[in-house]
Amino acid sequence: MTAPAWLEVLNETMDACRTHGRADLAERLRRRRDAPPGQIRLGVLGFPKQGKGYLLNAVLNAPVCAVGDAPTPAVPTEIAYSAEPAATLVGRSLERIPVAVERLTGELGARPAGTLSRVEVGVPRELLSAGLVLVDTPPVGDPRSPRTAAALDLLAEADAVILVSDATAPLSPAELALARHVRTWCPHVLVALTKIDASPGWRAVAERNRAMLAEAGIDAPVQPVSAVVRQAAAKAGDADLNARSGFPELLNWIAEQAARPAEQSRALLAAVGVRAAATELVESLRDRVDTVAQDAGLGQAALLQRAQRRADDLRRQNTKWQNLLSDEITDLLSDAEYDLRERTRKIVNTIDRTFDEGDPAKVWDEFAPWLDNALAEAVDVNYTWLADRAEWIAQAVAACFGAQYDRALPDLRLDGSGVEGLDDVRRPKIEKFKVGQQAFTGLRGSYGGVLMFGLVTSLAGLPLINPVSIGAGAAFAAKTIKDEGGMRLQRRQAVAKQAAQRHVDDVFIRFSKECRDSIRLVQRRLRDHFTGLAEELADELTHERETIMAGTAERERRTVHIRREIDRLAGLHQRAGELGTIAGRQRRELSA
């Protein structure tokens with residue numbers, strides 16, 4: 001046996017609903033597909049106090065539904081044919097509890113909320129004998145209310161719907177929206193205009209309702225009725241009065257729904273359900289496409305602009321930190337050498353002053369420790385200053401990266417300054433003017449004085465050695481000793497200066513070389529550290545760009561997939577429209 005065409009379209013639409021996360025739509029279509037054959041379900045919907053219960057009681061000519069101040073059931077009431085009046089409460093677990101019809105209202109009021117799924121009532125009415133089931137629903141109100149949900153759940157299985165609105169006012173926007181929603185899911189809808197006996201202007205209201213429904217594109221006739229007139233006509237047996245109640249036309253419409261061919265009705269209901277579900281799915285998918293397109297347009301542009309700014313910043317940072325490091329290292333080399341030279345120059349000046357005034361033979365023992373300490377202090381201070389300057393350079397280069405620098409500075413600790421290995425100044429060879437040398441120098445000077453003045457005084461008849469020549473010899477001896485002592489002192493001072501200055505120069509050359517080596521070591525460490533950081537930032541930027549491009553490709557793929565799904569749903573919508581045309585209904589195409 002070949003499955004009907006509508007069943008194939010219905011199953012495909014159910015799969016699409018599940019695929020796109022609309023299990024509610026899939027369940028509604030499943031209930032439409034699995035609806036029991038041979039039964040026509042006619043639902044009655046309406047907002048509170050519109051006369052829905054009165055209308056049903058008037059249709060059945062029996063007090064089946066709660067009216068007036070009686071509590072309205074929170075679950076649907078299904079009214080079907082039964083040879084004897086009967087009522088059954090159906091619980092959430094489908095347990096069935098028979099109750100007397102006359103005690104139905106009391107039993108419903110005594111049941112806790114949420115324990116029932118529906119109420120079944122059987123009445124011996126010929127209208128229902130062909131399988132017609134009238135469904136009285138809870139009043140529609142707050143969209144989030146369980147009563148509203150229970151009322152709209154009727155649309156999953158309803159073959160036709162009577163939408164009840166009283167004649168005291170035209171359809172409200174909420175009622176018009178409800179009519180549009182009902183007509184979307186059910187092909188046969190009638191608007192029953194109740195309470196016309198209490199509304200003198202009901203004809204104007206009826207015309208206004210017809211115009212509003214036509215403007216909204218809702219194919220639903222408007223039938224004015226009066227339950228009060230209907231009941232009065234029934235009591236009086238007055239056919240004319242019954243005709244003025246409007247119920248004969250309403251009953252004809254109900255009988256027309258019950259007389260529809262079953263297979264044609266199922267095909268039409270399936271087509272309407274498929275078109276309604278496809279429309280909701282396409283609208284949601286279009287929203288997703290628009291959202292993805294908007295997010296892709298704004299988000300991707302922002303991400304790419306940010307990545308480009310980061311790339312530009314990174315290039316500027318690389319140039320800036322490299323230039324800064326090179327300049328600072330060059331300056332540090334010059335400054336460190338100048339600082340050491342300046343400190344040693346002051347030491348040399350002190351050496352000159354010391355030996356210009358003092359005798360190295362006497363002051364050397366005190367001078368040598370001072371010189372060693374002064375050189376050690378100069379080297380240590382210069383080295384400490386170099387280390388501080390290196391730390392400052394590291395911080396200055398790190399500042400070039402701004403907030404992107406989120407790690408510790410490199411370890412710039414250097415080996416010791418080497419002060420402990422500083423050689424002591426060696427004592428130069430200082431020649432002292434000893435007593436024997438002084439005596440020999442004095443005799444040499446006195447010999448010349450005695451000889452010179454002895455020859456002069458011999459002209460006066462005095463002997464060569466006389467008191468005058470002896471005195472002159474003594475004077476010459478003293479002067480010769482003094483002159484010789486002065487020359488020897490100058491030689492010792494010169495030797496001491498030369499020795500001390502040579503020692504200072506040795507220290508300067510040695511530690512100047514060590515300073516340059518240390519600075520070069522600092523430069524290499526900083527260069528390696530910040531080069532690695534720049535490479536990591538470049539890698540992160542490259543990865544970010546790849547992620548953006550991958551995200552763009554993924555969004556494009558998803559958009560293409562969604563558009564294909566929209567096209568597929570549009571095809572289902574068109575096929576359902578063709579089924580509806582075959583079933584005698586007009587169709588409206590859904591554009592892709």
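Up top is the structure these notes are about.
Owing to the predicted nature of the structure, the values given are computational and were not obtained by experimental measurement. (Residues numbered from 1 in each chain as written. Predicted model: local features only at pLDDT ≥ 70, side-chain atom pairs only at ≥ 80, totals over all residues. Heavy atoms only, no water.)

**Student:** Would you mind going over empty space enclosed by the protein with me for this structure?
**Tutor:** Summary: where empty space remains is shown by rolling a probe the size of a single water molecule over the atoms. Evaluation of the coordinates by the stated rule reveals 1 cavity of 30 Å³ or more. If you add up the space inside the largest cavity, you get close to 40 Å³. Along its surface, the largest cavity is lined by L333, A336, E337, S512, C515, R516 and I519. Elements supplying a minimum of two residues to the lining of the largest cavity: α11 (262-357) and α14 (467-582). Considering each element in turn, the lining of the largest cavity owes the most residues, 4 residues, to α14. Classifying every residue of the lining of the largest cavity by side-chain character gives 4 nonpolar, 1 polar and 2 charged. (1 Å grid on protein atoms, 1.4 Å probe; cavity = no way out; pocket = protein on both sides within 12 Å on 5 of 7 lines; lining within 4 Å. Points joined across faces, edges and corners; volume = space filled by probe spheres on them. Helix = DSSP H or I, 4+ residues; strand = E, 2+ residues; numbered from the N terminus. Nonpolar A, V, L, I, M, F, W, Y, C, P; charged D, E, K, R; others polar.)

**Student:** Mind showing me how you'd approach helix α6 (residues 173-185) here?
**Tutor:** Residues spaced three or four apart along an α-helix face the same direction, because each turn holds 3.6 residues. Between the first and last C-alpha of α6 there are 19 Å, a value that for 13 residues agrees with the 18 Å anticipated at 1.5 Å per step. Of all the positions in α6, only E175, L176, L178, A179, V182, R183 and W185 are classed as buried. (Expected span 1.5 Å × (residues − 1). Buried < 20%, exposed > 50% of the residue type's maximum accessible area, 1.4 Å probe, protein only.)

**Student:** What's the story with the pattern of salt bridges in this structure? I'm lost.
**Tutor:** Pairs can form between side chains of opposite charge whenever their charged atoms are close. Taken as a whole and assessed by the stated rule, the structure comprises 36 salt bridges. Across the pair R22 and D24 runs a salt bridge whose closest N-O atoms are separated by 3.0 Å. In this structure D24 comes out as partly exposed when scored by relative accessible area, which is 45%. When the shortest N-O distance is used, the salt bridge between R96 and E120 registers 2.4 Å. Of this pair, R96 sits in strand β4 (residues 96-99) while E120 sits in strand β5 (residues 116-123), and the two are 24 residues apart along the sequence. Accessibility expressed as a relative area gives 48% for R96, which makes it partly exposed. (Salt bridge = Lys/Arg side-chain N within 4 Å of Asp/Glu carboxyl O.)

**Student:** What should I look at first to understand the pairing of β4 in this one?
**Tutor:** Every other side chain in a regular strand lies on the same face of the sheet, so the side chains alternate between the two faces. Looking at chain direction, strand β3 (residues 86-91) and β4 are connected through 4 bridges and run antiparallel. Within β4, the residue paired with V90 across the bridge is R96. Between β3 and β4, which pair antiparallel and follow one another directly, the connecting turn spans 4 residues, one of which, L94, has a positive phi of 65°. (Pairing = 2+ DSSP bridges.)

**Student:** Quick question: what am I supposed to make of the side chain of D166 here?
**Tutor:** Locating D166 in the fold gives a position in strand β7 (residues 160-166). Classification of D166 by relative accessible area gives buried; the value is 9%. Within the local environment of D166, its side chain forms a polar contact with the side chain of T168, the two groups lying 2.6 Å apart. With sequence-adjacent residues up to four places away left out, D166 is seen in contact with K49, Q50, L193, T194 and K195. (Polar contact = N/O pair within 3.5 Å; in protein donor to acceptor, adjacent residues only side chain to side chain. Contact = heavy atoms within 4.5 Å.)

**Student:** What should I look at first to understand the sheet that holds strand β2 (residues 77-81) in this one?
**Tutor:** Strand order in this open sheet of 9 strands is β4-β3-β5-β2-β6-β1-β7-β8-β9, and the pairing throughout is mixed. Looking along the sheet, the strands with just one partner apiece sit at the ends: β4 and β9 (222-224). For this sheet the average axis-to-axis angle between neighbouring strands, irrespective of direction, equals 25°. Two elements, β7 and strand β8 (residues 189-194), share 6 bridges in a ladder whose sense is parallel. Paired with L163 across the two strands is V191, which belongs to β8. Sheet strands in contact with α6 are β1 (40-46), β7 and β8, and its direction is about 175° off that of β7. Relative to the sheet, helix α10 (residues 247-258) contacts β1, β6 (132-136), β7, β8 and β9, its axis offset from that of β7 by approximately 160°. (Axes fitted to C-alpha atoms, helices over the stretch in contact; angles between N-to-C directions.)

**Student:** Could you clarify how one ought to interpret the pairing of β3 in this entry?
**Tutor:** Buried residues dominate β3, accounting for 5 of its 6 residues. For β3 and β5, the ladder comprises 6 bridges, and the chain directions are antiparallel. Directly across from V90, in β5, lies its bridge partner R118.

**Student:** For this particular structure, what's the right way to read a nonpolar patch on the surface?
**Tutor:** Nonpolar side chains collect at one region of the surface, where Y447, L451, L455, L464, I465 and I470 lie side by side and expose about 610 Å² of accessible area between them. Here the element with the most residues in the nonpolar patch is helix α13 (residues 435-458); it accounts for 3 residues. Structurally, L451 is set in helix α13. Among the residues examined, L451 registers a relative accessible area of 34% and is labelled partly exposed. (Patch = residues over 30% accessible without salt bridge, like charges linked within 9 Å, V, L, I, M, F, W, Y side chains within 5 Å. Areas by Shrake-Rupley, 256 points an atom, 1.4 Å probe, with all protein chains shown as cover.)

The quantities given are spatial measurements derived from coordinates; they are silent on function.
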